Amino acid sequence: TVGMPNQPVVVRTAAATVKVSAIRGLVYPWALTFLPNGDLLVTEQGKNTLRRISQGVLDPTVITGLPQGITSTRRDTAGVEILPHRKFADNHFIYIAYWKPKAGDPAIRTAVLLRARYDGGSTLQDVQAIFEATSFTDGPSAARLVFGRDGKLYMAIGAPGFNDRAGKASEAQEPGSYLGKILRLNDDGTVPMDNPFVGRKEYKPEIFA
């Protein structure tokens, strides 16, 4: 925090005027998302907690409820994504994608999608895994999330490969692997029946592209 300004800094550009505020107290912030009221939820690398920033101030109370191992102190395996439901104001659902360590071999991981309810307190409620890939990788990767205009949840999964122990980059071209794919899911993690490869046995039904 050395050298961080105490007051917001206003930056004027040809396109817009932006106010930049320094947020103190975070330990290696990783993924973040905005809630409808403008608050931020932020994950911290190496911890199993969320933090909330409201009106430019970090809430000192951590938000617990995430499973163990959801983040890592290793930068190449700590990829986490967080996203509120498009109707968060009504259902209070948030989604978290992360790389789950394989039992007995934490250097190998697979993508998992969690859904939880956040009511504004200090603990996530009803945390459950609604999708877990069966494809593993040993390389640095990430899983990104976005809601489409069709109301479906799109999840992009990387396929880097690293030491060739698991997850070769070539799996991006294999329809039976989740690696290197964009998945299309219902908001409860189930498969939409109008997905392009539903019913084709050689393809994972969640695959969109």
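Presented here is an overview of the structure given in this document. (Residues numbered from 1 in each chain as written. Predicted model: local features only at pLDDT ≥ 70, side-chain atom pairs only at ≥ 80, totals over all residues. Heavy atoms only, no water.)

1. Topic: the packing of aromatic side chains
The condition that has to hold: Working definition: rings of Phe, Tyr and Trp (its six-membered ring) pair if their centres are within 6.5 Å, and the pair is stacked with planes under 30 degrees apart, edge-to-face with planes over 60 apart, and tilted otherwise. Secondary structure is summarised from DSSP: a helix means a run of H or I of at least four residues, a strand means a run of E of at least two, and numbering begins at the N terminus for each. Each residue is assigned to one of three classes by its accessible area relative to the maximum for its type, calculated with a 1.4 Å probe on protein chains only: buried under 20%, partly exposed between the two thresholds, exposed over 50%.
Summed over all chains, the structure comprises 5 aromatic pairs. Both rings, one in Tyr95 and one in Phe147, keep their centres 5.7 Å apart while their planes meet at 75 degrees; by these two values the pair is edge-to-face. Placement of Tyr95 in strand β8 (residues 93–102) and of Phe147 in strand β11 (residues 143–147) is noted, with a sequence separation of 52 residues between them. When sorted by exposure, Tyr95 lands in the same class as Phe147, which is buried. For the ring pair Tyr154 and Phe208, a centre distance of 5.3 Å and an interplane angle of 85 degrees mean the geometry is edge-to-face. Residue Tyr154 is located in strand β12 (residues 153–157), and its partner Phe208 is located in the segment after β13 (181–185); the two are separated by 54 residues in the primary sequence. Given the relative accessible area of 15%, Tyr154 is considered buried.

2. Digging into the pairing of β12
Regular strands show a simple pattern: their side chains alternate between the two faces of the sheet. Counted only if it meets this: What makes two strands pair is DSSP finding at least two bridges between them.
Across the 5 residues of β12, 4 count as buried, placing the element largely inside the fold. With 5 bridges connecting them, β11 and β12 associate as antiparallel partners. In the strand pairing of β12, Phe147 is matched with Leu153. The hairpin turn running from β11 into β12, its antiparallel successor, is 5 residues long, and Gly151 in that turn takes a positive phi close to 85 degrees. With 5 bridges joining them, β12 and β13 adopt antiparallel strand pairing. Paired with Ile157 across the strands is Lys181, a residue of β13.

3. Section: the environment of Val11
This is how the line gets drawn: Residues count as neighbours in contact if any of their non-hydrogen atoms are within 4.5 Å of one another.
Its location among the elements puts Val11 in strand β1 (residues 9–12). Non-local contacts of Val11, meaning those with residues more than four positions away in its chain, are made with Ala16, Thr17, Val18 and Val20.

4. What to know about the nonpolar core
What counts, and what does not: Among buried residues, the Ala, Val, Leu, Ile, Met, Phe, Trp, Tyr and Cys ones that are joined through side-chain atoms within 4.5 Å form a nonpolar core.
Residues Leu113, Phe131, Leu145, Met155 and Ile157 are the most contacted members of the largest nonpolar core, which totals 22 residues. Within the residue set of this core, elements represented by two or more residues are β8, β9 (105–117), β10 (125–137), β11, β12 and β13. Sequence-distant contacts of Leu113, that is, excluding residues within four places in its chain, are made with Tyr95, Ile96, Ala97, Gln128, Ala129, Ile130, Phe131, Leu145, Leu153, Met155 and Leu185. In terms of nonpolar packing, the next biggest core, distinct from the first, is built from 17 residues, Ile63, Ile94, Tyr98 and Ala116 among them.

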